[in-house]
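Listed here are the chains, written in short residue letters.
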Amino acid sequence: MSKFQAIAQAVKEGSVSGLGSSEGVKVYPHSLAESGNVKLIMVKDKQTKLILAVGEGSLFDELQGSVEGGIKACPLTHENRLVLNKYFDYTVPRAFGTQVATIGLGDRLGIASPGHIQTIRGRNVRPILAQQSIRELNLTGRDYKQVVDAACFAVFQEGYKDGFGADGDHLKVEADIELALGLGFTMLTLDCSEYIDNTIEGLTAAEQAAKYNALSADIRNHYESRYLNQTFEVAGTSITFDQETLAKNVLIYGPAINFMEHIYNKYIKTAGREIDFEISIDETATPTAPESHFLVAKELYARGLTIYSMAPRFIGEFQKGIDYIGDIAQFEQELIIHAAIADDFGYKLSIHSGSDKFSVFPIIGKYTKGRFHVKTAGTNWLEAVRTVAKVNPGLYRKMHAYALEHFEEATVYYHVTTDLSKIAPLDQVDDADLADTYMNENNARQLIHITYGILLQAKDAQGNSLFKDEFYRTLSDQEEAFEQSLKAHIGKHLDLLGK
């Protein structure tokens, strides 16, 4: 503990701004916090982050750690995170409602949030720092406690007091929803894909009509009394439901709407606190038509639901980790209507697979009037890989080769149009050019993007990590470089979105 004595003295005096790194210990001066007669600060001792506590009082006593010379060194455990939450409310995730722009910053590694906070600090946007799907948890070997813990400790490290959220992303199973909300998640993205019938679009009009007529009379009467042959004015355009349009939409979305209502009434309405409830209907075979978006929203609000945001499937391709693919002019025309529908009902439009969609970000910012939710995840992992490619080219080369060998396995989880033949061979790229050659090229980005789980879980014959341990060590050693990379890349997202 002797190495911490000078830091502890500076903490007592409140003069930590000038402390740098000494004896292998790095100090995070923004983390300095005080409650009663106890002061805390976060440090990193070699590869391990700790919270140092000095003083006397209940906060000091409740934190778990080892004590020597009046200094308690506290590991970043779940139990200690809960203690921080009790004494420092800015470390507790919160809901934001519909009047402020938010950006989901899925941190698959659990170490990107400090860079994210540095990026959004001072901007007119709030971060959803803890954001993971069950698929991502399975692929990274993490759990929801770890996801929220990492975000809360990052907020403490950076002394960030403007609020952050925690999103149980793309949840579809009730047990997972209950788990996430029980752990304090403040946002729920409900994945309705298993209740959306993607076979309907492929049926003939006669087949659709027959399937619709097989529904109960109560269901048909419910929808026909509200929508059949009625016209609704939205965003300067008219939406009309003739028999064929109504039947198709009821068949595709009817069960999903019932599922949304059930989840809202059972979990959101009874939570006893504010929950940002997002509806995901982007997992469809075809783009979400304006009348489909309108019908879902109209039904939800008629049934007493209030939602935070909705994610339709937009025209064109929103693939992982690369820019928008499609007709931008047509995207703009349809976005105007989608944004206006959301605005009319009072919720935000949500953009899924929002990473790197630079060509359409200005359009999204404009027509949502700056009220949006943009969800990113894999692009943050790619910036970690970019950092490793720059500072540890040998590790990058091994990961790249392994990703190529296992690419097909990863396509089970993600829809991409990657052409591996267009990726430059490793033996033709110098170490100094690895980051730019591969992290700035769409096919290589998608190769690395979708193989993250395979790379992080890869082991040798003895059960040792092939890449993960060295990957984390490299990023810990190059913490500032990773933060700068995130600030540049996510900052570009926000600049183009008008934030």
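Residues numbered from 1 in each chain as written. Predicted model: local features only at pLDDT ≥ 70, side-chain atom pairs only at ≥ 80, totals over all residues. Heavy atoms only, no water.

I would appreciate a short explanation of the packing of aromatic side chains in the present structure.
Each aromatic ring pair is summarised here by two numbers: the centre-to-centre distance and the angle between the ring planes. Applying the stated criterion across every chain yields a total of 26 aromatic pairs. For the ring pair Phe318 and Phe331, a centre distance of 5.8 Å and an interplane angle of 40 degrees mean the geometry is tilted. With Phe318 in the loop between β14 (309-312) and α12 (328-345) and Phe331 in helix α12, this residue pair connects regions lying 13 residues apart in the sequence. For Phe318, a relative accessible area of 15% corresponds to the buried category. Ring plane angle 50 degrees and centroid distance 5.1 Å describe the contact between Tyr324 and Phe331, whose orientation is recorded as tilted. Of the two residues, Tyr324 and Phe331, neither departs from the other in class, the shared state being buried. A network of ring pairs unites the aromatic residues Tyr223, Tyr227, Phe232, Phe241, Phe294, Tyr301, Phe345 and Tyr347 as a single cluster. (Phe/Tyr/Trp six-rings, centres within 6.5 Å; stacked < 30°, edge-to-face > 60°. Helix = DSSP H or I, 4+ residues; strand = E, 2+ residues; numbered from the N terminus. Buried < 20%, exposed > 50% of the residue type's maximum accessible area, 1.4 Å probe, protein only.)

How should the pattern of salt bridges be read in this particular structure?
It is possible for side chains bearing opposite charge to pair when their charged atoms get close. Considering all chains together, one arrives at 26 salt bridges under this definition. When the shortest N-O distance is used, the salt bridge between Asp45 and Lys3 registers 3.3 Å. Taken together, the positions of Asp45 in strand β3 (residues 38-45) and Lys3 in the segment before α1 (5-13) put the pair 42 residues apart, joining distant regions of the chain. Look at Lys3 and you get partly exposed, because its relative accessible area is 23%. Measuring nitrogen to oxygen at the nearest pair gives 3.1 Å for the salt bridge that ties Glu383 to Arg386. On the criterion of helical spacing, the pair formed by Glu383 and Arg386 is a turn pair, its members being 3 residues apart in helix α14 (residues 378-391). Residue Arg386 is classed as buried on the basis of its relative accessible area of 10%. Here the residues in one salt-bridge network are Lys26, Lys44, Lys49, Glu479 and Glu480, joined through shared partners. (Salt bridge = Lys/Arg side-chain N within 4 Å of Asp/Glu carboxyl O.)

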